[in-house]
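What the coordinates show
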Amino acid sequence: MGQINDIALVAQVVVFKNIKAFDTLVKKYQSPIRRFFLHQTLGDSELSDDLAQETFIKAYTSLSSFKNLSSFSTWLYRIAYNVFYDYIRSRKEECGLDTYEVDAQYHTEQKAVGEHMDLYLGLSQLKEVERSCITLFYMEDLALDRISDIMGIPTGTIKSHLSRGKEKLANFLKNNGYER
Amino acid sequence: MKDNNDELVARFLQSRCKEIEDNDFSERVIRNLPERRLDISRILNFICFAICAFLFIKFDGFIIIFEFVSELFAAKSHILSQDINYNSLFIAFGVLLCIGIERICSLKW
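Each residue is numbered by its place in its chain's sequence as written, counting from 1. Working convention: letters from A go to chains and numbers from 1 go to ligands, in the order in which they are written. Reporting in this predicted model follows two pLDDT cut-offs: at least 70 for local features of residues, and 80 or more for side-chain atom pairs to be given and counted; totals over whole chains, interfaces and linings ignore these cut-offs and use all residues.

1. Re the overall build of chain B
Secondary structure is summarised from DSSP: a helix means a run of H or I of at least four residues, a strand means a run of E of at least two, and numbering begins at the N terminus for each. Within chain B, the regular secondary structure consists of 5 helices and 0 strands. N-terminal to C-terminal, the α/β element order of chain B is α-α-α-α-α. Counting the 109 residues in chain B, one finds 5% classified as buried. Counting other C-beta atoms within 10 Å of its own, a residue is labelled buried from 20 upward, exposed at 12 or fewer, and partly exposed in the gap between, with every C-beta atom placed from the backbone.

2. Re the overall build of chain A
Secondary structure summary: chain A contains 9 helices and 0 strands in total. In chain A, the order of α-helices and β-strands from amino to carboxyl end is α-α-α-α-α-α-α-α-α. Evaluated residue by residue, chain A yields a buried proportion of 38% over its 180 residues. C-beta atoms are first placed from the backbone for all residues, and any pair lying within 7 Å is then listed as a contact. The contacts in chain A between residues at least 6 apart in sequence include a share of 61% that link residues at least 24 apart.

3. Observations regarding the interface of chain B and chain A
Taken together, the 22 residues of chain B in the interface contact 26 residues of chain A. Elements with a minimum of two residues in the side of chain B that touches chain A: helix H1 (2-15), helix H2 (25-31) and helix H3 (34-58) of chain B. Broken down by element, the residue count for the side of chain B that touches chain A peaks at 8 residues, all from H1 of chain B. Of the residues that constitute the side of chain B that touches chain A, the class distribution is 12 nonpolar, 4 polar and 6 charged. When residues are sorted by character, Ala, Val, Leu, Ile, Met, Phe, Trp, Tyr, Cys and Pro go into the nonpolar class, Asp, Glu, Lys and Arg into the charged class, and all the rest, Gly among them, into the polar class.

4. Some words on the packing of helix H4 (residues 72-95) of chain A against helix H8 (residues 144-151) of chain A
Helix-helix packing: each pair is described by the crossing angle between the helix axes and the interaxial distance. Residues and elements named next belong to chain A. To define axes, lines are fitted to C-alpha atoms, for helices over the stretch in contact only, and angles between the resulting N-to-C directions are given on a 0 to 180 degree scale. At a minimum axis distance of 8 Å, the contact between H4 and H8 shows a crossing angle of 45°. Considering the angle they form, H4 stands oblique to H8. Judged by the sense of rotation from one axis to the other, the crossing of H4 with H8 is right-handed. Residues Thr-74, Tyr-77, Arg-78 and Tyr-81 of H4 form the contact with H8, whose own contacting residues are Arg-146, Asp-149, Ile-150 and Met-151. Grouping the amino acids of the contact of H4 with H8 by side-chain chemistry returns 4 nonpolar, 1 polar and 3 charged. We call two directions roughly parallel when the angle between them is under 35 degrees, roughly antiparallel when it is over 145, roughly perpendicular when it lies between 65 and 115, and oblique otherwise. By definition, turning the near helix anticlockwise from the far helix through less than a right angle yields a left-handed crossing, and turning it clockwise yields a right-handed one.

5. Digging into the confidence of the model for chain B
All names here are of chain B. The pLDDT value expresses, per residue, how confident the predictor is, ranging between 0 and 100. Per-residue confidence for chain B gives a mean pLDDT of 85, with 94% of residues at or over 70. When pLDDT is averaged over each helix and strand of chain B, the minimum, 82, is found for helix H4 (residues 61-82) and the maximum, 94, for H2. The ipTM, which scores confidence in the relative placement of chains, is 0.80 for this predicted complex, and the corresponding pTM is 0.69.

6. Examining unusual backbone geometry
Backbone geometry at Asp-141 of chain A places phi at a positive 55°, although glycine is not the residue there. Positionally, Asp-141 of chain A belongs in the loop between helix H7 (128-139) and H8. Positive phi is not limited to glycine here, since Asp-24 of chain B has a value of about 70°. As for its placement among the helices and strands, Asp-24 of chain B is situated in the loop between H1 and H2.

7. A look at helix H3 (residues 45-61) of chain A
Each α-helix turn comprises 3.6 residues. Residues three or four places apart therefore point the same way. In this analysis, the expected span of each helix is defined as 1.5 Å times one less than the number of residues it contains. An ideal rise of 1.5 Å per residue puts 24 Å on 17 residues; H3 of chain A measures up with 24 Å between its terminal C-alpha atoms. The complete set of buried residues in H3 of chain A reads Ser-48, Asp-49, Leu-51, Ala-52, Gln-53, Thr-55, Phe-56, Ala-59 and Tyr-60 of chain A. The inward-facing, buried residues of H3 of chain A contact helix H2 (19-40) and H4 of chain A together with H2 of chain B.

8. A few points about the nonpolar core
Residue and element names in this part refer to chain A. Among buried residues, those of type Ala, Val, Leu, Ile, Met, Phe, Trp, Tyr and Cys that are joined through C-beta atoms within 7 Å form a set called a nonpolar core. Grouped together as the largest cluster of nonpolar side chains are 47 residues, with contacts concentrated most on Phe-37, Leu-76, Ala-80, Phe-137 and Ile-147. With 8 residues, the top contributor of residues to this core is H2. The residues touching Ile-147, leaving out its near neighbours within four places in the chain, are Cys-133, Leu-136, Phe-137, Leu-142 and Ile-158.

Structure representation (structure tokens):
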């Protein structure tokens, strides 16, 4: 039902340039997309809102290319994933860092205070690709084939990333007294 | 052991998965859509044009332009009539006529 609703809204935006229909789509998906960025950026809310805005604007400008081969949410997540990796690439070029992990650790120390500090500290133990897999699987409750569609890598590779990420995160949690 | 890890990670992450309030985010996105920006630019253009047109009519812009052109024309025609070179005028007219005919003939029908 939700998928049919999404297609109807997309059709209204593409055919009639109905901004209200697009607003409905933004309101519906803003929370999962902003949450996805918030986890990838380890709690940098300003940056994640900017990236989420860029995602929705890209979605709006290329909405006519949405072919309904996957669900609208998968398509939107794929754009979000590409926006995030474009951002990382540009940061690496600007700062000359070999990995984003250094930056990620810096962000964690600087900004991730408050109730989600443990979450961002835990996620900072993971590589970017593992973090994406883990958050999409456990927090956004997406199936492996959808994660594979979003990230553009085979399901087997997703399983490997999930397994490695899970192990690292479990070790972090055990070392910090979360195991009961 | 693996199941324990799975359960531990799932419980930890799911307990921290919260809905994010909109807090004007969607409004910000709509404001920044490319077409919306274009619309605002068109509205600003129209407002500027309307203000200029109003000021032009209010301060008798047409009369000022008409007076200026007629003064200019009167002054120049007086000077031109004194030392006009009819040969040059005839040659210029002939060249322009040739170019015009050539352009008309080169049009594809």
